[in-house]
Each structure stands twice: as structure tokens, then as C-alpha cells.
Amino acid sequence: MQFNQSLKNYNTFGINVNATAFVDITSVDQLKQVIQQNNNKLPLFILSGGSNMLLTKNVDALVLHLNTKGIEVVNEDNDFVWIQAQAGEIWHDFVLNTVDRNLGGLENLSLIPGKVGSSPIQNIGAYGVEIKNTFYSLTALNLETLEIETFLNTDCDFGYRESVFKNKLKDKYIITSVTFKLKKAPHILHTSYGAIQQEMDLMKVSNPTIKDVSNAVIAIRQSKLPDPKEIGNSGSFFKNPVIDKTLYQSLLEKNPDIPHYPVNDLQVKVPAGWLIEQAGLKGYRKGDAGVHTKQALVLVNYGNATGEELINLAKYVQATVLEKFGISILPEVNII
């Protein structure tokens, strides 16, 4: 156990705050033991990849850094493979593992930062796919009983960047492994969302494989999104807002090029990045806190920005978009 541990290297924004106590967790048994030894003396703080959080102050808690490893096939039939990954596996490495096995379902989610254990909490998604589409089950440690419980897809209340673990069961469980049900060939590929098809045209791919889709997504993300190793960020900072069609039609009259994605008969989803860019904030910077120059959906730390400075920037972006479009955009990251 480390004390007064800096978390700068454990969050992708690179915010320099300290944890009262810190333990690197490499097994479920160790996780249980550490919690028992703590005996509620310090509150618990679960740290996965640190890629979907903005730390604004020192963490007065026992930080449990989940670093458990392991990927295995747990079931298989003629059409599908059930593959389980431990919570500490890096998400992108896990996706590439499934792509190398020629299993379809996660290829559109390539290069998303973070670890496997946090993926269901956020119901991560990109390019027309969310993990709820292939998620089968997860195991989680009940913090009250210290028993491992299993949650199926229907138990998780998945929504847009939402799950039961962000709401009713928040802070009550620690996810220890996740199992996905992935498709054997022939695969159904999702290439119509965003610029995937355009990217594959540039790659001169006429008969795409899941590897081609993964490569296209990686190329798109690398061209638009900053590498956290080079500049602090947490990927997409805001959720794409869902608005009613009446508001969308009124916006369309003034902005004929506004992109949108149908949600249902009454609602459409509008890209928050487009709204921020049209509000004139792409590349906006105040001190070391800024809006990325290539992707307005991303807030960045140019060096020594504090969490408070990034929160203030986020509030300014929200207020500007609301004033210009009448649309509220909400943070996707967890602000702590």
C-alpha cells in the first residue's frame, strides 16, 4: 500500500492530485483481502483506466487500481463465441484480441481508451455500436457481502452512456470480469456510421473484413483524437444530445448542414462536437485548458491545467452552446 500517492500517471487528463492510500490490485482474492483489512477505515475509490474521469481535488480514500489480467473463451457454439476478459485488461488490447480471433461485434469500438471493467458502467459506444449489443454478462464483487455476483444483459439497465452501475448500484459493486457474445463468420459489419465507409474507400477495401473495419476506426480516431500520452484528455467530454424533432426542424432551417441520427419517431441525436464547433469554440483555449483543435468534443490539458480549470471550461462550452442553439449538452466523463 502506498500513501499520499500521486494519481497524475493514473488518469488520462494528467491531473496531478494525490490519493490518501493506493493499492495495485492483481487478483480478486487480493481485492477482497484489501477491503477486509481496510474495514471501512477509508472510503473506497475504484480506479480503472482513469480515462473517463476528471479529478478536481485530492482523493481522500483508499484507491483500488484494478490491474487484473486474463482473456479466455468460456463457451462456443456453431455461430457464437462467449469470451471473458478480466476487469484490468486494456479495452483496445481486448478488442484487438477478438479481431485477431475473427470474432465480430467489437471492431467498431477499437481504440477507445480505458479498461474492460469500466466498459459496462458507461455502456461505451462508437460508430453506431454500443457494448450492450454484444454484452452477455459480468461478475462483480458485492461490497457489502464480499460475494461475487453475476449480472446478465437485462440486469444492467443499459442506456445511452448509462447503466445500473451509474445509478441504483453506484458504489455498491466492483466489476471483476465481463463476458461478450461475439459472432463467428459470416459477420454483419456496421460501416454506415460516420466516416468508416469513406475511410475504407481510401484504403481501397471493397470486400471488408472485421479487421478492415477495426483498422478504419483506428485511422479515423487517430486522425481526430489526441493521444493521452501526448496531451491530457479523456476522449469525448460531452454526450451527444437527443432532441425532439420539432427543435431539430427549427435548427435545420437556420443550419441546413446540421448532422443528425434518428433515435425514434419523435427524437434525433445531434453531434455535440458539431454544436461546439458551430458555436465557435473549436480550438478555444484558456490557460492550459482547451477545446481540441481537431475535435471540438474533446477537452484537453495542455500541461498544467487543474480539474477546476477544466470544469470551468466545460461550463463555458455548455453555456455557449445553450445560448446559440437552445440545447443542453451534458458531460460524459465522471467529475470527481
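Residues numbered from 1 in each chain as written. Predicted model: local features only at pLDDT ≥ 70, side-chain atom pairs only at ≥ 80, totals over all residues. Heavy atoms only, no water.

Asks: Just to check I follow, could you spell out the side chain of Thr179 for this structure?
Replies: Locating Thr179 in the fold gives a position in strand E12 (residues 173-183). Residues in contact with Thr179, not counting those within four places in the same chain, are Val74, Trp82, Ile83, Gln84, Phe135, Tyr136 and Ser137. (Helix = DSSP H or I, 4+ residues; strand = E, 2+ residues; numbered from the N terminus. Contact = heavy atoms within 4.5 Å.)

Asks: Help me understand the nonpolar core in this model?
Replies: Generally speaking, nonpolar side chains in soluble globular proteins are found buried as a group. Of all hydrophobic cores here, the largest spans 44 residues; its most connected members are Leu7, Phe238, Ile276, Leu299, Val317 and Ile329. Looking at this core, the elements that each hand over two or more residues are strand E2 (18-25), strand E3 (44-47), strand E4 (53-54), strand E5 (59-66), helix H6 (245-254), helix H7 (272-278), strand E18 (289-291) and helix H8 (307-325). Per element, the largest residue contribution to this core is 7 residues, and it comes from H8. Setting aside residues no more than four positions away along its own chain, Val317 makes contact with Phe238, Ile276, Leu281, Val291 and Ile329. Core analysis: the next-biggest nonpolar cluster, separate from the first, contains 39 residues, Trp91, Leu109, Ala126 and Ile196 among them. (Core = buried A, V, L, I, M, F, W, Y, C linked by side-chain atoms within 4.5 Å. Buried < 20%, exposed > 50% of the residue type's maximum accessible area, 1.4 Å probe, protein only.)

Asks: What's the story with the environment of Leu138 in this structure? I'm lost.
Replies: Along the chain, the position of Leu138 falls in strand E10 (residues 135-142). Between the C-alpha atom of Leu138 and that of Ile175, which follows or precedes it by 37 residues, the distance is 7.1 Å.

Asks: Got a minute to help me understand helix H5 (residues 210-224) in this structure?
Replies: For the α-helix, the turn length of 3.6 residues means that residues three or four positions removed from each other point alike. If you check H5, its first and last C-alpha atoms are 21 Å apart, about what 15 residues at 1.5 Å a residue would give, namely 21 Å. Taken residue by residue, H5 has Ile210, Asp212, Val213, Ser214, Ala216, Val217, Ile218, Ile220 and Arg221 as its buried positions. Against the buried residues of H5 lie helix H2 (91-100), strand E8 (125-126) and helix H4 (196-202). (Expected span 1.5 Å × (residues − 1).)

Asks: Explain the pairing of strand E6 (residues 71-76) here, please?
Replies: It is a general feature of regular strands that their side chains alternate between the two faces of the sheet. As defined by bridge partners, E6 adjoins strand E7 (residues 80-86) across 5 bridges and the pair is classed as antiparallel. Its bridge partner lying in E7, Asn75 is registered against Trp82. The hairpin turn running from E6 into E7, its antiparallel successor, is 3 residues long. (Pairing = 2+ DSSP bridges.)

Asks: Would you take a moment to explain the sheet that holds strand E16 (residues 267-269) for this structure?
Replies: Two modes of strand pairing occur in sheets, parallel and antiparallel, and in both the strands are linked by backbone hydrogen bonds. Read across the open sheet, the 3 strands follow the order E14-E16-E15; overall the sheet is antiparallel. Here the strands that pair on one side only, and so sit at the sheet edges, are strand E14 (242-244) and strand E15 (261-262). The pairing of E14 with E16 spans 3 bridges and is classified as antiparallel. The partner of Ile243 across the bridge, within E16, is Val268. Taken strand by strand, H6 contacts E14 and E16, and its axis lies near 90° from that of E14. (Axes fitted to C-alpha atoms, helices over the stretch in contact; angles between N-to-C directions.)

Asks: In this structure, what is going on with the pattern of salt bridges? I would like to understand it.
Replies: A side chain with one charge may pair with a side chain of the opposite charge, provided their charged atoms come close. One pass over the full model with this rule turns up 8 salt bridges. Lys211 is the partner of Asp100 in a salt bridge, and the nearest nitrogen-oxygen pair spans 4.0 Å. On the criterion of sequence distance, the pair formed by Asp100 in helix H2 and Lys211 in helix H5 is long-range, its members being 111 residues apart. Asp100 sits in the exposed class, given a relative accessible area of 61%. The salt bridge partner of Lys239 is Glu162, with a shortest N-O separation of 3.1 Å. Here Lys239, found in the loop between strand E13 (232-236) and E14, pairs with Glu162, found in the loop between strand E11 (148-152) and E12; they are 77 residues apart in sequence, far enough to count as distant. Given a relative accessible area of 22%, Glu162 falls into the partly exposed group. (Salt bridge = Lys/Arg side-chain N within 4 Å of Asp/Glu carboxyl O.)

Without other data, these values stay purely geometric and don't point to any function.
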